Amino acid sequence: CSRCVRFTREISKTHSLAIQDRGDHSLLRAAEDGSFERDPYSENVVDLCPVGALLDKDFLFKQRVWLLKETPSISPVDSGGENIYLHHNEGRVWRIKPRYNSEVNQWWISDDTRYSYRAVHEESRLKVAMKTELGGQVAAASFRDAMDTAVAGLKDIVAKHGPGSLYGMLSPMMACEEAWLLGQAIRSIDSQAILVMGPVPSSGQDEVFKNPQNGKTTFTIKAEKAPNAAGVRR
């Protein structure tokens, strides 16, 4: 049907897919220069293929789609606010799909967003609170024990050095509610504590894609690689 070919011509502008030959000899072919693999949102062709001829190897044979539950969410990879659905089952995220929003991402999501769920299940991910014990050894602790130790240490600093001796660094990855609660917690210990924004990673400038036929912007990949720096600043 050539939907995917049109996508690379009109949306991503890579022209990296084409139909080779005619009639029953027609084949879909990717450009030999590897531009399809480098396309930052080439995986959208999986969603728009109406017959399942183009599939995502990351998800292939992993789950039956009718077992998946769907939860609306927002992309965690940059400040673009791409609307997404998390497809999950039995406590595990199996894939991410775009959620239509005419003002933000229309029908598309970047490949970085599509595969951002991998980090959720990384073996190296910190899943429990850690606490430094005597001798410098780091060991797992309950969240309550870790919080009590942290609060006691912060109160001790304020008692020794006076108001204004604490500062809190808020991550641009936080939700607004998390940032507000952390700020309130620190200010409850030191009313003059300074709250600062943590480092906001950036790729330099936004990557803007436009339809070559009508000049309309089809997609923008934001340079700011944090989902909520603006919300945390507010």
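Fair warning: this is a prediction, and the values are worked out from it, not measured in the lab.

A. Region of the structure containing the packing of aromatic side chains. Per the counting criterion, the structure on display carries 5 aromatic pairs. Between phenylalanine 7 and tyrosine 41 the ring centres are 5.7 Å apart and the planes differ by 70°, which places this aromatic pair in the edge-to-face class. Of this pair, phenylalanine 7 sits in helix H1 (residues 3-10) while tyrosine 41 sits in the loop between helix H2 (35-38) and helix H3 (44-48), placing them 34 residues apart in sequence. Here the two residues phenylalanine 7 and tyrosine 41 agree in accessibility, since each one is buried. Ring centres of phenylalanine 7 and tryptophan 108 lie 4.9 Å apart, and the angle between their planes is 65°; this geometry places the pair in the edge-to-face category. In this pair, phenylalanine 7 is assigned in helix H1 and tryptophan 108 in the loop between strand S5 (92-98) and helix H4 (111-114), connecting sequence segments 101 residues apart. You can call tryptophan 108 buried: its relative accessible area is 13%. Against the face of tyrosine 85 rests arginine 99, its NZ or CZ located 5.8 Å from the ring centre.

B. Focus on the pattern of salt bridges. Inspection of the entire model under this criterion finds 9 salt bridges. The residue aspartate 148 makes a salt bridge to arginine 144 at a minimum N-O spacing of 3.8 Å. With aspartate 148 and arginine 144 both in helix H5 (residues 143-161) and 4 residues apart, this pair spans about one turn of that helix. Among the residues examined, aspartate 148 registers a relative accessible area of 44% and is labelled partly exposed. Given the relative accessible area of 55%, arginine 144 is considered exposed. The salt bridge partner of aspartate 156 is lysine 160, with a shortest N-O separation of 3.3 Å. Linking aspartate 156 with lysine 160, this pair stays in helix H5, spanning 4 residues, or about one helical turn. Here the salt bridges share partners, and the residues they tie into one network are Asp47, Lys97 and Arg114.

C. Representation of the side chain of glutamate 82 within the structure. Take glutamate 82: it is sitting in the loop between strand S3 (69-74) and strand S4 (83-89). In this structure glutamate 82 is buried but unpaired, with lysine 225 as the nearest side chain of opposite charge at 7.6 Å. There is a polar contact of 3.0 Å between the side chain of glutamate 82 and the side chain of threonine 113. Residue contacts for glutamate 82: discarding those within four places in its chain leaves Ser73, Ile74, Ser75, Val104, Asn105, Ile109, Ser110, Thr113 and Phe219.

D. Region of the structure containing the pairing of strand S2 (residues 27-30). Note: strand S1 (residues 17-20) against S2, 4 bridges, orientation antiparallel. Bridging from a neighbouring strand, leucine 17 pairs with alanine 30 of S2. Between S1 and S2, which pair antiparallel one after the other, the connecting turn spans 6 residues, and aspartate 21 there sits at a positive phi close to 70°.

E. Looking closely at a positive patch on the surface. Taken together, the side chains of Lys62, Arg92, Arg125 and Lys127 make up a positively charged region of the molecular surface. Relative to the elements of secondary structure, lysine 62 occurs in the loop between H3 and S3. Assessed through its relative accessible area of 44%, lysine 62 is described here as partly exposed.

F. Local environment of unusual backbone geometry. Positive phi, close to 65°, is recorded for phenylalanine 61, a residue that is not glycine. Here phenylalanine 61 is to be found in the loop between H3 and S3. On the basis of relative accessibility, which here comes to 79%, the residue phenylalanine 61 falls in the exposed class. Even without glycine at this site, glutamate 90 takes up a positive phi of about 55°. Checked against the element boundaries, glutamate 90 lands in the loop between S4 and S5. Since its relative accessible area comes to 75%, glutamate 90 is described here as exposed.

G. Geometry of the sheet that holds S4. Read across the open sheet, the 3 strands follow the order S3-S4-S5; overall the sheet is antiparallel. The outermost strands of the open sheet, each flanked by one partner alone, are S3 and S5. This sheet shows a mean twist of 30° between the axes of neighbouring strands, independent of strand direction. Bridge count between S3 and S4: 6 bridges; the pairing is antiparallel. The residue of S4 that forms the bridge with glutamate 70 is histidine 87.

Parameters at a glance
- Residues numbered from 1 in each chain as written.
- Predicted model: local features only at pLDDT ≥ 70, side-chain atom pairs only at ≥ 80, totals over all residues.
- Heavy atoms only, no water.
- Phe/Tyr/Trp six-rings, centres within 6.5 Å; stacked < 30°, edge-to-face > 60°.
- Helix = DSSP H or I, 4+ residues; strand = E, 2+ residues; numbered from the N terminus.
- Buried < 20%, exposed > 50% of the residue type's maximum accessible area, 1.4 Å probe, protein only.
- Lys NZ or Arg CZ within 6 Å of the ring centre and 35° of its normal.
- Salt bridge = Lys/Arg side-chain N within 4 Å of Asp/Glu carboxyl O.
- Lys, Arg positive; Asp, Glu negative; His and termini not counted.
- Polar contact = N/O pair within 3.5 Å; in protein donor to acceptor, adjacent residues only side chain to side chain.
- Contact = heavy atoms within 4.5 Å.
- Pairing = 2+ DSSP bridges.
- Patch = residues over 30% accessible without salt bridge, like charges linked within 9 Å, V, L, I, M, F, W, Y side chains within 5 Å.
- Areas by Shrake-Rupley, 256 points an atom, 1.4 Å probe, with all protein chains shown as cover.
- Charge placed at Lys NZ, Arg CZ, Asp CG, Glu CD.
- Axes fitted to C-alpha atoms, helices over the stretch in contact; angles between N-to-C directions.

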